[in-house]
There are 2 protein chains.
Amino acid sequence: MKSARLKTLALASPAILLFGCGAKEQTRPNIVFFLVDDYGWPESSVPYGDEVYPRNLEFHTPNMERLARKGVMMTNAYACPVSTPTRTAIMSGMNAVHSHITNWVSMAKDEPADAVGGLNGNGVFQDLATDVFMRPDWNINGLCPDIPESEGINDVAVATPLVRLLSDAGYYTIHVGKAHWASAGVPGASPYNMGFAVNVAGNNAGHPKSYLGEENYGNTKEGWTMAAVQNMAEYYGTETFLTEALTREALKTLEYPVSHHQPFYLYMAHYATHTPIQKDSRFYDSYADMGLDDGQMKFSSMVEGVDKSLGDLMDYLEEKGIADNTIIIFMADNGGNADNPAKGGVPHTSCAPLREGKGSCYQGGIRVPMMVYWPGKTAPGTRVNTPTMPEDLFPTILQMGGVKDWKTVQKVDGKSLVDLFVKGSQLAGRESFASQKEANAFVVPESVSGIDPSRELVFHYPHQWKVEYRPEVDFLSTIIKGDWKLVYVMMNTVPGMHVLDGVPFELYNIKEDIGETKNLASEYPEKVSELAKALGERLRTWDAPMPVLRSTGEKVAWPDEVDL
Amino acid sequence: MKSARLKTLALASPAILLFGCGAKEQTRPNIVFFLVDDYGWPESSVPYGDEVYPRNLEFHTPNMERLARKGVMMTNAYACPVSTPTRTAIMSGMNAVHSHITNWVSMAKDEPADAVGGLNGNGVFQDLATDVFMRPDWNINGLCPDIPESEGINDVAVATPLVRLLSDAGYYTIHVGKAHWASAGVPGASPYNMGFAVNVAGNNAGHPKSYLGEENYGNTKEGWTMAAVQNMAEYYGTETFLTEALTREALKTLEYPVSHHQPFYLYMAHYATHTPIQKDSRFYDSYADMGLDDGQMKFSSMVEGVDKSLGDLMDYLEEKGIADNTIIIFMADNGGNADNPAKGGVPHTSCAPLREGKGSCYQGGIRVPMMVYWPGKTAPGTRVNTPTMPEDLFPTILQMGGVKDWKTVQKVDGKSLVDLFVKGSQLAGRESFASQKEANAFVVPESVSGIDPSRELVFHYPHQWKVEYRPEVDFLSTIIKGDWKLVYVMMNTVPGMHVLDGVPFELYNIKEDIGETKNLASEYPEKVSELAKALGERLRTWDAPMPVLRSTGEKVAWPDEVDL
């Protein structure tokens, strides 16, 4: 159909095509990738779970509900435990272990984010883990596009970026918000080098110094860091919360492609809801009578700010008459931060019913919200449980955009989710479910989606995040296969170390035990062996960064080499 | 011809036009506005004067020479004495006196740039002028586009911006470098609000904190100010001079319109050669054997960096095969800074043979380099002496771009220079001149250019720039009419004050006396009266900001009300 129409146009007026006119491109859908930062699976009023959890009740996100009614909720979507690995996986199509970008990148070049000894939260010098392990050898400077400027740049993964392929195919590509693919001084720090035509506020920073216009988003002499948000001078000294400012900038940058009828790819990557947790005054007071503490109220207000942004974008698309040709992908870059006192509440519970949060290979760190709305393609108000990985978005988005025969310097690990989103949601839409729980468990057969619902999913965090060692976050790996999940606790391979359950492997049935409360490793030793072998093979194949035992200078053993 | 072709296309395939396709736009030329900051009339190896002056010999600008060979040199172009008034005049088409933006805007809102008492260059408290005058009431927050967000913004001039009109007409509009139309917290601080589709590094800042990648362009905790240059993280810690970094960004942002065959307007507004004067290491050493001091060598290296940028852009246009359809306008935003010890040399002589420099209403402050190359239209290697004003660029650029029937909320003061550039240069090209001096004096008749070569040109600086009062800069107005120029020395209207020649009016014949060395006021009292009347009428008509005498609370008299 598309090629037929093109042919007609070409016959009618070949000169126009010579002029590079948009006729060909107009058949492509617009794509909005709406990425939220540090945003947990239960942190909205639209529940991704089998039921409405208490945490869902702390939020008011009518526009996420609106999007859920229009599109398909991916109730079992995964991301990496921290930001940069997810973002670079989307941009490169490579699994984070494969790219060796397993941690977030520092703002400064050549400075690994891995914690080293220092003062812990109580002001006491501590170096427990770094005393045990030395940091792994990973790509501390992040992702680098395959451009001449990448020559000689050290400690980066080089890849043909997704956005360059979209741009080459005719998309007008807009970056708004947080980039964080690479450190300063590295080409990957600039969205322009990734193929974006426009960049608002994206660079090497992984969080904003401040969300407050009153504080110039951190652009003040006092306490300045590279996290001061750029491109926002018009809002300095005003009461404009950063989320709102970024949304307005996004609408401005859409003006060109919309008025010129050019297909666009808008990467709307909010800094929210990353720390610092600050009050979005437009919404804070409305959480006053809900029994929340100040931190919880602040966080809920930030979430509602993001929700309004989503709604404003949807309104804009409708007003411009292009909503019907615009795909919206909504996702978080990692789990919610469950160890941040500023968020209030009970520590380590903010992703409940999931265990732990950001940084962790437990479900709270990696299971994330995701929705996809492709007008006329995805079935409205549906749920699909098949797991997805961030690197899948790379081929998915290219297929959505009709980009074919693309070539990359890297091997792409992700698989297109188009059939999962489209045929899968349509299949779900034809089912009638007795309960949300039943709907929620809907898994699309591989024969329909092309995605094996039991494919191996690997997450790997061979790092120490904070100065204070946290067993439930640091030096963990995991593999998920269907309902089964193995967690590799690397610290417990060290003689004399007994953290968590004291064993190197924990086994969970995450269907039956969503909160990973019952370690079944001793009950199912064969399952442990099977998954340890699979995880070991994956890590070995990708030559995964592994912590090095300080006492021996040896890397931590691959999981299938550990004596059980 | 153009409309005829359009009609044919529309008949052949109306669907295409509905798609907003580029066919219509492809008939428009691309436009590069290459604006250099604080860059004086004799500060290049291509001489704008009747002869090669000693100052010209301190520079190596082969690409400016190249542009001069291709296009027309406007040897008598004018700008305002300081940056913001010129930039806002270009953007609004309003004379700076009319818009009441007669000084540069501070980075911070509601903080007039006018000097107040403080420590002078020698560390002595001084407030001579502010003791005499209070600052005038001017639009201290700069220019504001006519968008809803302009409501309630104080001390701004509201205007329909040039770039919005270009954008509305189909131009892809790119901002790279220094904006400086408005203070932080004001919509005009953002190029997006002015109609740009892309912004690299432009905001409220009027100078860069640093040109050095090694210093992160000022993005360091130590000594941070809002002048730290934004959008440049990929170059932090590298040896990339800011001029080079901005050029590379410009080439990246051109990728979209060039590959999509969309007409573009690139506003390439270099921060160079504004202070801080820093060594561009690529070129510094080549000035070692020229008898220059360190400051002069640094400055010459910065100028050559700008020259390379111009050349890189010209090379790019040629490589892409679009040079023949791209107009280049080269200009400086005000005269060279003649009172900056960091530039080296003898103070107050850097614009020689012109008197004084930036800030001053003497010729060094307002007579600036300008070249225009419109392939196939401007005659190559020509010179035109007819004076031009910055506000003229507003209707000129619209006419160049084929934008018709534009409407503005402001009254536009500028006149289109298209016939001057095109017919004027062609006329010059047909003449044969015996000398550069003769060529240089070529004035295009009004009947050809539509521009009266003797029209009144008004410049007005009712401000005190630095803490130390400088009579040759502060509180001056001027009117130029043909060869005659009247300078109104407002300080000398105050009883007991006797600065400069001690009289309120100085009269120069700037054709015979390019350096304004001979005040002819006492010889030609009728000419003084005539020009004082004309200047008074202009200032009165525009309700010009005037200094207020502290002792009486009265404004300084209009020039035609001064007792002679």
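Data block above holds the structure.
These notes cover the structure that comes with them. Remember, it's a predicted structure, so these values are computed and weren't measured experimentally.

### A short note on the overall build of chain A
A tally of helices and strands in chain A yields 15 helices and 20 strands. Relative to its full complement of 564 residues, chain A shows a buried share of 66%. Split by element, the accessible area of chain A, about 19,000 Å² in all, is 51% carbon and sulfur. Of the charged side chains in chain A, 49 are positive and 70 negative; the average position of the first set lies 7 Å away from that of the second.

### Some remarks on the state of the cysteines
Residues and elements named next belong to chain A. Inspection of every chain in the model, using the stated rule, returns 0 disulfides over all chains. With no disulfide of its own, cysteine 351 has cysteine 361 as its nearest cysteine by sulfur position, at a separation of 14 Å. Classification of cysteine 361 by relative accessible area gives buried; the value is 0%.

### What to know about the packing of aromatic side chains
Under the definition given, this model contains 47 aromatic pairs over all chains. The interplanar angle of 70° and the centroid separation of 5.9 Å between the aromatic rings of A:Tyr172 and B:Tyr172 together place this pair among those described as edge-to-face. Of this pair, A:Tyr172 sits in strand β9 (residues 172-177) while B:Tyr172 sits in strand β9 (residues 172-177), each in a different chain. Accessibility classification places A:Tyr172 together with B:Tyr172 in one group, the buried group. If you follow B:Lys343 out to its NZ or CZ, it ends over the ring of B:Phe299, 4.0 Å from the centre. Positioned over the ring face of B:Tyr362 is B:Arg355, at 3.8 Å from the centre of the ring.

### Thoughts on the sheet that holds strand β18 (residues 484-489) of chain A
Residues and elements named next belong to chain A. If you walk across this open sheet you meet the 4 strands as β16-β17-β18-β19, and the pairing is antiparallel. Only two strands of the sheet have a single partner each, and these edge strands are β16 (457-461) and β19 (505-509). Taken over all neighbouring pairs, the strand axes of this sheet differ in orientation by 15° on average, direction set aside. The pairing of β16 with strand β17 (residues 476-481) spans 5 bridges and is antiparallel.

### Here's the deal with the environment of B:Asp285
Residues and elements named next belong to chain B. Looking at where aspartate 285 falls in the secondary structure, it is placed in the loop between β11 (264-269) and α10 (294-319). Given a relative accessible area of 59%, aspartate 285 falls into the exposed group. Separated by 168 residues in sequence, aspartate 285 and proline 453 have C-alpha atoms that sit 43 Å apart.

### So, the nonpolar core
Side chains that are nonpolar tend, in soluble globular proteins, to be buried together. Residues A:Tyr172, A:Met232, A:Tyr265, B:Tyr172, B:Met232 and B:Tyr265 are the most contacted members of the largest nonpolar core, which totals 242 residues. In this structure A:Tyr172 touches A:Ala197, A:Val198, A:Thr253, A:Tyr256, A:Pro257, A:Pro263, A:Phe264, A:Tyr265, B:Tyr172, B:Ala197, B:Val198 and B:Tyr256, once residues within four positions along its chain are discounted.

### Some details on empty space enclosed by the protein
Residues and elements named next belong to chain A. Evaluated as defined, the whole model comprises 8 cavities of 30 Å³ or more. Counted as a void, the largest cavity has a volume near 60 Å³. Residue lining of the largest cavity: Cys80, Pro81, Pro85, Asn95, Ala96, Val97, Thr102, Met389, Val458, Phe459 and His460, and that is the complete set. Of all elements in the fold, only α5 (96-99) and β16 reach the threshold of two or more residues within the lining of the largest cavity. Taken together, the residues of the lining of the largest cavity break down into 8 nonpolar, 3 polar and no charged.

Rules of the game
Sequence positions are assigned chain by chain, starting from 1 and proceeding in written order. Chains and ligands are labelled sequentially in the order written, the chains with letters from A and the ligands with numbers from 1. Given that the model is predicted, a residue must reach a pLDDT of at least 70 before its local features are reported, and side-chain atom pairs must reach 80 or more before they are shown or counted; all residues, however, enter totals for whole chains, interfaces and linings. With hydrogens and water set aside, each side-chain value is computed from the structure's full complement of heavy atoms. Helix numbers and strand numbers start at the N terminus; a helix is a DSSP run of H or I with at least 4 residues, a strand a run of E with at least 2. With a 1.4 Å probe rolled over the protein chains alone, any residue whose accessible area is under 20% of its type maximum counts as buried; one over 50% counts as exposed, and the rest are partly exposed. Every accessible area reported is derived by Shrake-Rupley at a probe size of 1.4 Å, with residue values counting cover from the shown protein chains alone. Only four residue types enter the charge count: Lys and Arg as positive, Asp and Glu as negative, with His and the chain ends excluded. Just so you know, the charge point we use is NZ for Lys, CZ for Arg, CG for Asp and CD for Glu. By disulfide we mean two sulfur atoms from cysteines, separated by a distance within 2.5 Å. Here a Phe, Tyr or Trp ring, Trp counted by its six-membered ring, pairs with any other such ring whose centre lies within 6.5 Å, and the pair is stacked when the planes are under 30 degrees apart, edge-to-face when over 60, and tilted otherwise. Note on criteria: charge over ring means Lys NZ or Arg CZ within 6 Å of the ring centre, with the direction from the centre no more than 35 degrees off the ring normal. Strand pairing is assigned whenever DSSP identifies at least 2 bridges connecting the two strands. Lines fitted to C-alpha atoms define the axes, with helix axes restricted to the stretch in contact, and inter-axis angles between N-to-C directions lie between 0 and 180 degrees. Note on terminology: a nonpolar core comprises buried Ala, Val, Leu, Ile, Met, Phe, Trp, Tyr and Cys residues joined through side-chain atoms within 4.5 Å. Residues count as neighbours in contact if any of their non-hydrogen atoms are within 4.5 Å of one another. For each structure, a 1 Å grid was placed over the protein atoms alone; sets of points admitting a 1.4 Å probe that cannot get out are labelled cavities, open sets with protein on both sides within 12 Å along at least five of seven lines are labelled pockets, and lining residues have an atom within 4 Å of a point. Grid points are joined across faces, edges and corners, and a volume is the space filled by probe spheres set on the points. Here the term charged refers only to Asp, Glu, Lys and Arg, the term nonpolar to Ala, Val, Leu, Ile, Met, Phe, Trp, Tyr, Cys and Pro, and the term polar to all other amino acids, Gly among them.

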